[in-house]
Amino acid sequence: MDVPKDQLSTLLDHGLYSSAQMLGCFAVSSTSINSENSPHLKAESLVLFGDSLSREKEYRRAIQIYKQALQYHKILPKQNSTTTPITRSAFSLSNRSSSPNSCNTSAINENEQVKFKIATCHGSLGENRAALAEMEGIPSKSRNLEMNLMMAKLYRNSRHTRAAIGCFKECLRNCPYIIEAIIALAELGVSAKDIMSLFPQTPNRSGRPPFDHFDCSRWLPRYVEAQCCIASNDYKGGLELFSELLQRFPNNIHILLEMAKVKAVIGKNDEAIQDFETVRSLDPYVITYMDEYAMLLRLKSDTSKLNKLVNDLLSIDPTKPEVLVALAVLWDKKDERGALSYAEKSIRIDERHVAGYIMKGNIFLSMNRPESAVVAFRGAQELRPDLRTYQGLVRSYLALSKIKEALYSAREAMKAMPQSAKALKLVGDVHASNTSGREKAKKFYESALRLEPGFLGAALALAELHVIEGRNGDAVSLLQRYLKDWADDSLHVKLAQVFAATNMLQDALSHYHAALRINPQNEAARKGLERLEKLMKGVDPDAPEEDEDNEVDDGDGDQEEAELL
């Protein structure tokens, strides 16, 4: 043989893919290999050549070469199985070795391994249907751990939920430590009890439990419970379990990130920022969930930290969807179209990247395109419904004056999160959008404050209702209770607005300045100051136009809300 295939394998094993690709050209074109008399050698050379192309991300070429290898493998004489065994190294799986799963190392024939390589290439190209077709050609009994995990992801992307659950479960039966399978099953609605029942309980033939040191009474079941709590919107329970795990595994970056993400979702922004900063101090090169951190910094108007974060992420890997969403956050105020293109690109790279859809929806709202925002928020909700997706839908429907749809989305949030003050406020926001619903809105805001007395958002909304109905004194006394505990610019803005409405202009001026000291970028404070200057000069500024009443007659819904309250 002109080109020894073991040399080609060596180059691949050492990561010298460009050299392997060039050598592979010689291997597959060698005249010393007779495709009729030695089809097995031809097939091996083609597979190795395909591996070199795949590693260099030339997936189309790799697919073509792998398919040629399959054709040669089909014409192998039957006697080859006994007289000329095919060297298995040529057909090893990704990274030149099969998955190190002792539970599933049964012989996987060469055809199946090459099909898996083809499917992997299709997956890298985003061609889920083609990848799934290749994988379904591999018998279930022949699939190893890596194959089952890929099948599960492909089924999930294709919305074949039942099949995805089956494959994820099979992964955990073989290895209970596949964390991404645990998270996926929780998000797909499988209970913690059902997930834990998949973990191996009995010793194997050697007398030792499978996967050394596995103990079902220890940390892993608690982790499963935490993920199931989060998936079912029991954020408080999930955070408590994560906190318990963090005591056992201090400075665990994965747990800190999970906690930070949940806190960001439920509006505990300061705590979330603190967790993200802890993670970055432990590992400044982490990219996971850093787009969530960017959104929080944007809410805080902390431009300095946001700029540094984005620059750091770009120096690590500018192709990650998290980095692109962070770029969208950075550019949102400067160039909305540019920000939108970054958000869309993040989704093209990873169609399951929820933060990309949420950012896209927020940008559409800022561009006054609520119809497009609805589509984006619905895309996020289909992947993983959480409080932010419901909030985005409600804001979008209210912008479209679709009160019934907004009310439906808010009630869905309340059903999904019955113990969430944020969800109660969301229903109140919809009722407050029309005159006839203000009394209902007041009840929801008050219920939210009973459930979470420190919820500033509900206090601000209730104060706004007081002002609209002429109860300025009640609004001031309510808001002043929060001044001791909250250094919040929006709180000062609301107080300034109330004082301005009651002609206490000097107090209004003081609070507008306080808001701008906390957040110099606060648009409401700046506009309020401009309005205040006109008032102090004796000029009557134009009053904002009131929306037309959008009555909603929904008796059944009212009864349902009363029960939830």
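Residues numbered from 1 in each chain as written. Predicted model: local features only at pLDDT ≥ 70, side-chain atom pairs only at ≥ 80, totals over all residues. Heavy atoms only, no water.

> So what about the overall build of the chain? Which residues, and what values?
What the chain contains, in helices and strands, is 31 helices and zero strands. Split into buried and exposed, the 565 residues of the chain put 48% on the buried side. The contacts of the chain with a sequence gap of at least 6 include a subset with a gap of at least 24, amounting to 53%. With an accessible surface of roughly 28300 Å², the chain has 48% of that area assigned to carbon and sulfur atoms. (Helix = DSSP H or I, 4+ residues; strand = E, 2+ residues; numbered from the N terminus. Buried < 20%, exposed > 50% of the residue type's maximum accessible area, 1.4 Å probe, protein only. Contact = heavy atoms within 4.5 Å. Areas by Shrake-Rupley, 256 points an atom, 1.4 Å probe, with all protein chains shown as cover.)

> Can you tell me about the layout of surface pockets, naming the residues and giving the values?
Estimated volume of the second largest pocket: approximately 1700 Å³. Lining of the second largest pocket is provided by 43 residues; of these, Lys153, Asn157, Glu180, Asp350 and Arg352 occupy positions nearest its centre. Of all elements in the fold, only α6 (110–124), α8 (145–157), α10 (179–187), α14 (253–265), α16 (290–299), α18 (321–331), α19 (336–349) and α20 (354–366) reach the threshold of two or more residues within the lining of the second largest pocket. Within the lining of the second largest pocket, the residues separate by chemical class into 17 nonpolar, 10 polar and 16 charged. (1 Å grid on protein atoms, 1.4 Å probe; cavity = no way out; pocket = protein on both sides within 12 Å on 5 of 7 lines; lining within 4 Å. Points joined across faces, edges and corners; volume = space filled by probe spheres on them. Nonpolar A, V, L, I, M, F, W, Y, C, P; charged D, E, K, R; others polar.)

> Go over α18, please, and point to the residues and values.
Of all 11 residues that make up α18, 10 are buried, and the element is covered over most of its length. Every buried residue of α18 is accounted for by Pro321, Glu322, Val323, Leu324, Val325, Ala326, Leu327, Ala328, Val329 and Leu330. Those residues of α18 that are buried are in contact with α16, α17 (303–316), α19 and α20.

> Can you explain the packing of aromatic side chains? Please cite residues and give values.
What the rule picks out here adds up to four aromatic pairs. Considering the side-chain rings of Trp219 and Phe249, the 5.7 Å spacing of their centres and the 80 degrees angle between planes classify their relative orientation as edge-to-face. A residue pair is termed long-range when its members are at least 10 positions apart, and Trp219 in helix α12 (residues 219–231) and Phe249 in the loop between α13 (235–248) and α14 qualify at 30 residues. Looking at Phe249, the relative accessible area reads 27%, which means it is partly exposed. Among the aromatic residues, those joined into a ring-pair cluster are Tyr177, Trp219 and Phe249. (Phe/Tyr/Trp six-rings, centres within 6.5 Å; stacked < 30°, edge-to-face > 60°.)

> Tell me about the pattern of salt bridges, and please be specific about residues and values.
In this structure the tally under the stated criterion is 28 salt bridges. Residue Lys153 pairs with Glu180 through a salt bridge whose shortest N-O separation is 2.9 Å. Taken together, the residues Lys153 in helix α8 and Glu180 in helix α10 connect sequence positions 27 residues apart. The exposure class of Glu180 is partly exposed, given its relative accessible area of 41%. (Salt bridge = Lys/Arg side-chain N within 4 Å of Asp/Glu carboxyl O.)

> Pulling in residues and values, what's your account of unusual backbone geometry?
Positioned with a positive phi, Arg159 is a non-glycine residue whose angle comes to about 65 degrees. Relative to the assigned elements, Arg159 resides in the loop between α8 and α9 (161–174). Located in the positive-phi region is Asn233, a residue other than glycine, with phi close to 70 degrees. The residue Asn233 is located in the loop between α12 and α13 in this model. On the basis of relative accessible area, Asn233 is assigned to the buried category, the value being 16%.

> Explain the environment of Gly338 to me, using residue names and the numbers behind them.
Within the secondary structure, Gly338 sits in helix α19. A relative accessible area of 16% means that Gly338 is categorised as buried.

> I'd like a description of the nonpolar core, backed by residues and values.
Grouped together as the largest cluster of nonpolar side chains are 151 residues, with contacts concentrated most on Met135, Leu172 and Met290. Among all residues touching Leu172, those that are not within four sequence positions of it are Ile178, Ala181, Ile182, Leu185, Ile195, Leu198 and Phe199. Grouped together as the second largest cluster of nonpolar side chains are 15 residues, Val47, Leu53, Leu70 and Val114 included. (Core = buried A, V, L, I, M, F, W, Y, C linked by side-chain atoms within 4.5 Å.)

> I'd love a proper account of the side chain of Lys263, names of residues and values included.
Within the secondary structure, Lys263 sits in helix α14. Under the relative-accessibility criterion, Lys263 is labelled buried at 9%. With sequence-adjacent residues up to four places away left out, Lys263 is seen in contact with Leu239, Lys268, Asn269, Glu271, Ala272 and Asp275.

> Help me get a handle on α12, residues and values and all.
With 13 residues, α12 extends 19 Å from end C-alpha to end C-alpha; this agrees with the ideal 18 Å at 1.5 Å per step. Every buried residue of α12 is accounted for by Leu220, Pro221, Tyr223, Val224, Ala226, Gln227, Cys228, Cys229 and Ile230. Those residues of α12 that are buried lie in contact with α10, α11 (192–196), α13 and α14. Trailing α12 by a residue or two, Asn233 shows a phi angle of about 70 degrees, which is positive. (Expected span 1.5 Å × (residues − 1).)

> Can you break down the side chain of Ser447 residue by residue, with the values?
Along the chain, Ser447 turns up in helix α25 (residues 438–451). A distance of 3.0 Å separates the side chain of Ser447 from the side chain of Arg450, its partner in a polar contact. (Polar contact = N/O pair within 3.5 Å; in protein donor to acceptor, adjacent residues only side chain to side chain.)

> Quick rundown of the environment of Leu41? Include the residues and the values.
Relative to the assigned elements, Leu41 resides in helix α3 (residues 39–55). For Leu41, a relative accessible area of 22% corresponds to the partly exposed category. For the pair Leu41 and Lys5, spaced 36 residues apart in the sequence, the C-alpha separation amounts to 8.7 Å.

> Could you give an account of the state of the cysteines, naming the residues involved and the relevant values?
In total, this model carries zero disulfides according to the counting rule given. Here Cys229 is not disulfide-linked; the sulfur of Cys228 is the nearest cysteine sulfur, at 7.4 Å. (Disulfide = S-S within 2.5 Å.)

> Please provide a residue-by-residue account of the packing of α18 against α19, values included.
Where α18 contacts α19, the axes come no closer than 8 Å and their chain directions differ by 165 degrees. Our classification of the angle between α18 and α19 gives roughly antiparallel. Handedness of the crossing formed by α18 with α19: left-handed. Contacts between α18 and α19 involve Pro321, Leu324, Val325, Leu327, Ala328 and Trp331 from the former and Glu336, Ala339, Tyr342, Ala343, Lys345, Ser346 and Ile349 from the latter. A per-class count over the contact of α18 with α19 returns 10 nonpolar, one polar and two charged. (Axes fitted to C-alpha atoms, helices over the stretch in contact; angles between N-to-C directions. Parallel < 35°, antiparallel > 145°, perpendicular 65-115°, else oblique. Left-handed = near helix turned anticlockwise from the far one by under 90°.)

> Before we move on, can you summarise the packing of helix α24 (residues 421–432) against α25 with the specific residues and values?
Relative placement of two packed helices is described by the angle separating their axes and the distance separating the axes. Across the interface, α24 lies against α25 with an axial gap of 8 Å and an inter-helix angle of 165 degrees. Relative to α25, α24 is oriented roughly antiparallel. Like other packed secondary-structure pairs, α24 and α25 cross with a definite hand, here left-handed. Packed against α24, whose contacting residues are Ala421, Leu424, Lys425, Val427, Gly428, Asp429, His431 and Ala432, the element α25 presents Arg438, Lys440, Ala441, Phe444, Tyr445, Ser447, Ala448 and Leu451 at the interface.

> Outline the environment of Ala496, supporting the account with residue identities and numerical values.
In this fold, Ala496 is placed in helix α28 (residues 489–501). Given the relative accessible area of 0%, Ala496 is considered buried. On a C-alpha basis, the gap between Ala496 and His511 in space is 5.1 Å, while along the polypeptide they are 15 residues apart. Among all residues touching Ala496, those that are not within four sequence positions of it are Ala508, His511 and Tyr512.

The quantities given are spatial measurements derived from coordinates; they are silent on function.
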